[in-house]
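Tertiary structure, described
The primary structure of each chain is shown beneath.
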Amino acid sequence: MSSVSVSQDESFSVDEPLLPVSGGDLTVPLVDGGHTPYVNLDYAASAPCLRAVAARVEALLPYSASVHRGAGYASQVCTALFESAREDVRRFIGGRAGDSVVFTRNTTDAVNLLAHCLDHVDTGRPGQGAGGAVVFDVEHHANLLPWQRRPGFRCVPAAPSMAESLAALAAELRARPAALVAVTGASNVPGEVPPIAEIAELAHRHGARLFVDAAQLAPHRRIDMAADGIDYLAFSGHKLYAPFGAGALVGRPDWLDAAPGYLAGGGAVREVTVAGVDWADGPARHEAGTPNLPGVVALAAACRELSALPADRLRRHEERLRGELVEGLTALEGVRVHRIWTDVQDAVGVVTFSLPGHDPALVSACLAAEHGIGVRAGRFCAHPLLARLGVPEGAVRASIGVGSTAADVRRLVGALADYLRSGPRWTYVRRDGQWVPTPDERRLPGWVENIVGRQRVPVGAGTPCGH
Ligand code: PMP
């Protein structure tokens, strides 16, 4: 088994999780009939819930009642928690005092909300209407498609270096002004972190605002919107150690208040007649319908837990593990670790790699079935980027977080070394576009079988898109 060296000069250990997560002690069945502790290296898709966050949701549930509408005590509790969550979120990402915090379903929803608002912005430039958004071709589809279908959209091909990429962006903005530059805070493929403050300065110099897709940045780094000049920012709870279903859009209220409600319905209005509507100002304008209270309370709890970590502790934990992962992967003959930019050093705990000549979907199915390791294979909802990286067929992604340890990294590197040496040790067949081990006697947990009946364990690896 290939081993990874742990540098001794750090004053903390990465042998233990940084924070306890639900499912941190999960045991999963293997295809050969054995069981093993689960290695979750798929944090970038959806992270496990922090135990402290799960406890907060548990504490909330007895009070489940209407938010904003009810006169009862439980309803007041829910309203107080829902509204105070805005401040937890704003503080977590260093928002300005006047910034709106709008709760959404996730990052995708938040970007679509901002794009809807952009349709109604008057940039004051004669003949240009709202003005479109400009992106690099490295974005997750969530930060590409909402802009792509609107007028004025432009996509700047990223150059091999960030310096050249920024020069190309500046040239594009000079040639034709834009309302908005939309950029990822950290790539969901190689984890690279663009220089956000520099991009903000560049955008502002050309009269554009900056939106940062922080779906991958927020779980890994302290963000300071105000200091970095970020006008709008979005992230998702399910990647930030909270359960699924809640996210946030944070930013300057003027554009948000210039557009009609994103969803038309109750709670978003001041006054309604049969002929028309007077929309509410502020976050409520775009939050029609009953909100996802447990999701929002969980998101706020996660923000508090991460904020309470000593400065840089999270970053250092992840940098150590990422370093060991990249070192372990590059030591394996034939493994290629993907990068976008040659001059971007900073990267979060998301690493994408290929084993040339090996189907990434088969590799990930084998890691799950034979080793109990969860990674992701596919194109990660970033098709243009995967094409640019020269792997249009997809790749494998391993991603870490607060529950990850050096042992997790060693298990992955060891399993890949084994795969490269011997190939899969089980038989796999292609079924419905996925690699499936056969035979496969693994059972779903008893309580799940009680609900869904006896089924084959769905491998689910190597979906055509992936997240
Ligand atoms: N942006 C990035 C960089 C992402 O990684 C993801 C999720 N993979 C999204 C946006 C979309 O997030 P969600 O699915 O929570 O809307």
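For the structure itself, consult the block above.
Residues numbered from 1 in each chain as written. Predicted model: local features only at pLDDT ≥ 70, side-chain atom pairs only at ≥ 80, totals over all residues. Heavy atoms only, no water.

Focus: the overall build of the protein chain
The secondary structure content of the protein chain amounts to 14 helices and 19 strands. The C-alpha radius of gyration of the protein chain comes to 23 Å, within 12% of the 23 Å expected for a compact globule of 467 residues. The C-alpha extent of the protein chain, read off along each of the three principal axes, is 70 × 60 × 50 Å. Relative to its full complement of 467 residues, the protein chain shows a buried share of 56%. (Helix = DSSP H or I, 4+ residues; strand = E, 2+ residues; numbered from the N terminus. Rg over C-alpha atoms; globule rule 2.2 N^0.38 Å. Buried < 20%, exposed > 50% of the residue type's maximum accessible area, 1.4 Å probe, protein only.)

Considering the packing of aromatic side chains
Under the defined criterion, the tally for this structure stands at 6 aromatic pairs. The ring of Phe-12 carries the charged tip of Arg-320 above its face, separated from the ring centre by 5.0 Å. (Phe/Tyr/Trp six-rings, centres within 6.5 Å; stacked < 30°, edge-to-face > 60°. Lys NZ or Arg CZ within 6 Å of the ring centre and 35° of its normal.)

Thoughts on the sheet that holds strand S7 (residues 180-184)
Read from one edge of the open sheet, 7 strands run S4-S10-S9-S8-S7-S5-S6, paired in mixed fashion. Each having just a single partner strand, strand S4 (100-104) and strand S6 (154-156) make up the two edges of the open sheet. Recorded for the sheet is a direction-independent mean angle of 20° between the axes of neighbouring strands. Sheet contacts for helix H2 (residues 73-92): S4, strand S9 (232-236) and strand S10 (247-251); angle to S4, the most-contacted strand, approximately 110°. Packing of helix H6 (residues 196-205) onto the sheet brings it into contact with S7 and strand S8 (209-213), and relative to S8 it is tilted by some 150°. (Pairing = 2+ DSSP bridges. Axes fitted to C-alpha atoms, helices over the stretch in contact; angles between N-to-C directions. Contact = heavy atoms within 4.5 Å.)

Some remarks on the site of the ligand
Not every one of the 13 residues close to the ligand is listed here, only the nearest: Thr-108, Asp-213, Gln-216, Ser-236 and His-238. Interatomic distance of 2.5 Å between a side-chain N/O atom of Thr-108 and an oxygen atom of the ligand. Side-chain polar atom of Gln-216 to an oxygen atom of the ligand: 2.6 Å apart, as the coordinates give it. Computed on the free molecule, the ligand has an accessible area of 390 Å², of which 96% lies beneath the protein chains in the complex. (Near = heavy atom within 4 Å. Polar contact = N/O pair within 3.5 Å; in protein donor to acceptor, adjacent residues only side chain to side chain. Areas by Shrake-Rupley, 256 points an atom, 1.4 Å probe, with all protein chains shown as cover.)

Details of helix H5 (residues 162-175)
Over its 14 residues, H5 runs 20 Å from end to end, which matches the ideal 20 Å to within 8%, given 1.5 Å per residue. Buried within H5 we find Met-162, Ser-165, Leu-166, Leu-169, Ala-170 and Leu-173. The arc enclosing the buried residues of H5, seen along the axis, measures out at 140°, which places them on a common side. Opposite the packed face of H5, turned more than 90 degrees from it, sit the exposed residues Ala-163, Arg-174 and Ala-175. Those residues of H5 that are buried lie in contact with strand S5 (133-136), S6, S7 and H6. (Expected span 1.5 Å × (residues − 1). Arc of directions from axis to C-beta.)

Some details on the sheet that holds strand S13 (residues 336-337)
Reading across from one edge, S13-S14-S17-S16 is the order of the 4 strands in this open sheet, with antiparallel pairing throughout. Pairing within the sheet leaves two strands with one partner each, and these edge strands are S13 and strand S16 (376-378). Of the strands in this sheet, S13, strand S14 (350-354) and strand S17 (395-399) are in contact with helix H10 (residues 313-330), which crosses S14 at around 5°.

Points about the pattern of salt bridges
If you walk through the whole model with that rule in mind, you get 28 salt bridges. Note that Arg-105 is salt-bridged to Asp-109, the shortest N-O span being 3.4 Å. Taking the shortest distance from any N to any O, the salt bridge between Arg-442 and Asp-440 comes out at 3.0 Å. On the basis of relative accessible area, Asp-440 is assigned to the buried category, the value being 13%. Salt bridges sharing common partners tie together Arg-221, Arg-315, Glu-319 and Asp-346. (Salt bridge = Lys/Arg side-chain N within 4 Å of Asp/Glu carboxyl O.)

What to know about the environment of Ala-203
Of note, Ala-203 is situated in helix H6. Along the primary structure Ala-203 and Gly-229 are separated by 26 residues, whereas in three dimensions their C-alpha atoms are 9.8 Å apart. Each residue touching Ala-203, except ones within four places of it in the same chain, is listed here: Leu-173, Val-181, Ala-208 and Arg-209.

Focus: the pairing of S9
In terms of burial, S9 is a largely internal element, 5 of the 5 residues being buried. Burial of S9 is two-sided: the residues Tyr-232, Ala-234 and Ser-236 facing one way and the residues Leu-233 and Phe-235 facing the other way are all buried. Bridge count between S8 and S9: 3 bridges; the pairing is parallel. Paired with Val-212 across the bridge in S9 is Leu-233.

Structural notes on unusual backbone geometry
Backbone torsion omega between Thr-438 and Pro-439 reads 0°, so that peptide bond is classified as cis. If you trace the backbone, Pro-439 turns up in the loop between strand S19 (434-437) and helix H14 (446-452). Positive phi is not limited to glycine here, since Tyr-241 has a value of about 70°. By the element assignment, Tyr-241 lies in the loop between S9 and S10. Given the relative accessible area of 1%, Tyr-241 is considered buried. With a phi angle near 75°, Asp-312 is a residue other than glycine that sits in the positive phi range.

Here we look at a nonpolar patch on the surface
Taken together, the side chains of Trp-447, Ile-451 and Val-452 present a nonpolar region at the surface, about 370 Å² in accessible area. Ile-451 gets classed as exposed once you look at its relative accessible area, which sits at 63%. (Patch = residues over 30% accessible without salt bridge, like charges linked within 9 Å, V, L, I, M, F, W, Y side chains within 5 Å.)

Observations concerning H6
Among all positions in H6, only Ile-196, Ile-199, Ala-200, Leu-202 and Ala-203 are buried. Down the axis of H6, the smallest arc covering the buried residues is 165°, so these residues share one side. Phi for Gly-207, located one or two positions after H6, is positive at around 80°.

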